Amino acid sequence: MLLEVSGLDSHYGRIHALKSVSVGVAEGELVALVGANGAGKTTLLRTLSGVQTATSGTIKFDGVDITRMSPHQRVAEGILQVPEGRQLFGPLSVEDNLRLGAFRRGGNPDQDLERMYAMFPILKQKRHQPAGTLSGGQQQMVAIGRALMARPRVLLLDEPSMGLAPLLVGEIFNAVQALKRTGTTIFLVEQNAYAALAIADRGYVLETGEITLTDSGEALLANDRVKQAYLGL
Ligand code: ATP
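Residues numbered from 1 in each chain as written. Predicted model: local features only at pLDDT ≥ 70, side-chain atom pairs only at ≥ 80, totals over all residues. Heavy atoms only, no water.

Student: I'd like a description of the site of the ligand, backed by residues and values.
Tutor: Taken together, 14 residues are adjacent to the ligand, and N37, G38, G40, T42 and T43 come closest. At a separation of 2.7 Å, an oxygen atom of the ligand approaches a polar backbone atom of T42. At 3.1 Å from an oxygen atom of the ligand is found a side-chain nitrogen or oxygen belonging to E159. Protein contact buries 61% of the 630 Å² of open area that the ligand shows by itself. Residue assignment for the shell around the ligand shows that the elements contributing at least two residues are β2 (15-25) and α1 (41-49). When its residues are assigned to classes, the shell around the ligand shows five nonpolar, six polar and three charged. (Near = heavy atom within 4 Å. Polar contact = N/O pair within 3.5 Å; in protein donor to acceptor, adjacent residues only side chain to side chain. Areas by Shrake-Rupley, 256 points an atom, 1.4 Å probe, with all protein chains shown as cover. Helix = DSSP H or I, 4+ residues; strand = E, 2+ residues; numbered from the N terminus. Nonpolar A, V, L, I, M, F, W, Y, C, P; charged D, E, K, R; others polar.)

Written as structure tokens, this is what we have:
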């Protein structure tokens, strides 16, 4: 596994938000973690990127224990998170937001920019507009593009469908799927279980801080418990 999480616990004071969570993502894999509001999805991503402390358990990346590594060291290792709510620099242009993504790695980002525009043609059209004036779906594209500009070894996506109209949700998930086809390793955390599991190689279900199910994306979509709890079927 490229990213391997074993027995991870995380607390907010006395709230036990993650309870012995074990998940893994292999190189080139698209793995989805689904769960309801408050299940601990964001906490898991925060613990993976190092802004939240693990109270026990280990996180290994490419065989190296990174559990105590600082957030910026993890970024330097290639672990990039696209945060929920996107956090773009609204007044800056789309292109400047994208360029910022390549800042830490240095070098000339022009080729990478062209790749982003090929993936999200609408961003090329709007490249001189302030990012804050774009629609929610387009801002999500900028956020994903900005993370990709850093050439991540694993991309952590926090609820990319959040607040988007159904049509745009489809567009974003198509983009995530296309990204996977280019070989990018992706860990996708989502409340929209259907959309996430439909494109995932494997999936996990997180319930009140615990992993309760894991299987292929396809098998989870067909699972009766998943259908009842998350797909409203
Ligand atoms: P959402 O979809 O709403 O983002 P989530 O699955 O990401 O939900 P988390 O935000 O990780 O869930 O929250 C997991 C648990 O930890 C919840 O019980 C939540 O109330 C609690 N929690 C989250 N952040 C904090 C905090 N800063 N202080 C205290 N408790 C918190």
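Having seen the model, we can carry on.
Student: Could you give me a rundown of the layout of surface pockets, with the residues and numbers involved?
Tutor: Its volume calculated, the largest pocket comes out at about 760 Å³. For the largest pocket, the lining is made up of 29 residues, of which V75, L80, Q81, P83 and R146 are closest to its centre. Of all the secondary-structure elements, those providing two or more residues to the lining of the largest pocket are α1, α2 (71-77), β6 (79-82), α3 (94-101) and α6 (136-148). Per element, the largest residue contribution to the lining of the largest pocket is five residues, and it comes from α2. (1 Å grid on protein atoms, 1.4 Å probe; cavity = no way out; pocket = protein on both sides within 12 Å on 5 of 7 lines; lining within 4 Å. Points joined across faces, edges and corners; volume = space filled by probe spheres on them.)

Student: Please provide a residue-by-residue account of α3, values included.
Tutor: Three or more residues of α3 are buried, namely V94, E95, N97, L98 and G101. Projected down its long axis, α3 shows its buried positions confined to an angular sector of 160 degrees, all on one face. (Buried < 20%, exposed > 50% of the residue type's maximum accessible area, 1.4 Å probe, protein only. Arc of directions from axis to C-beta.)

Student: Lay out the sheet that holds strand β5 (residues 64-65) with the relevant residues and their values.
Tutor: Strand order in the open sheet made by the four strands is β2-β1-β4-β5, with antiparallel pairing throughout. Only two strands of the sheet have a single partner each, and these edge strands are β2 and β5. Sheet topology note: the strand β1 (residues 3-12)/strand β4 (residues 56-61) ladder contains five bridges and is antiparallel. The residue of β4 that forms the bridge with V5 is I59. (Pairing = 2+ DSSP bridges.)

Student: I'd love a proper account of the sheet that holds strand β7 (residues 154-158), names of residues and values included.
Tutor: The mixed open sheet is built from six strands, whose spatial order is β6-β7-β8-β3-β9-β10. Each end of this open sheet is capped by a strand with a single partner; those strands are β6 and β10 (210-216). Between one strand and the next, the sheet's axes are offset by a mean angle of 20 degrees, whatever the strand orientation. For strand β9 (residues 202-207) and β10, the ladder comprises six bridges, and the chain directions are antiparallel. When the sheet's bridge partners are listed, L206 is paired in β10 with I211. Sheet strands touched by α6: β6 and β7. Its angle to β6, the strand with the most contacts, is close to 170 degrees. Sheet strands in contact with helix α7 (residues 166-181) are β3 (30-34), β7 and β8 (186-190), and its direction is about 160 degrees off that of β8. (Axes fitted to C-alpha atoms, helices over the stretch in contact; angles between N-to-C directions. Contact = heavy atoms within 4.5 Å.)

Taken by themselves, the reported measurements are silent on function.
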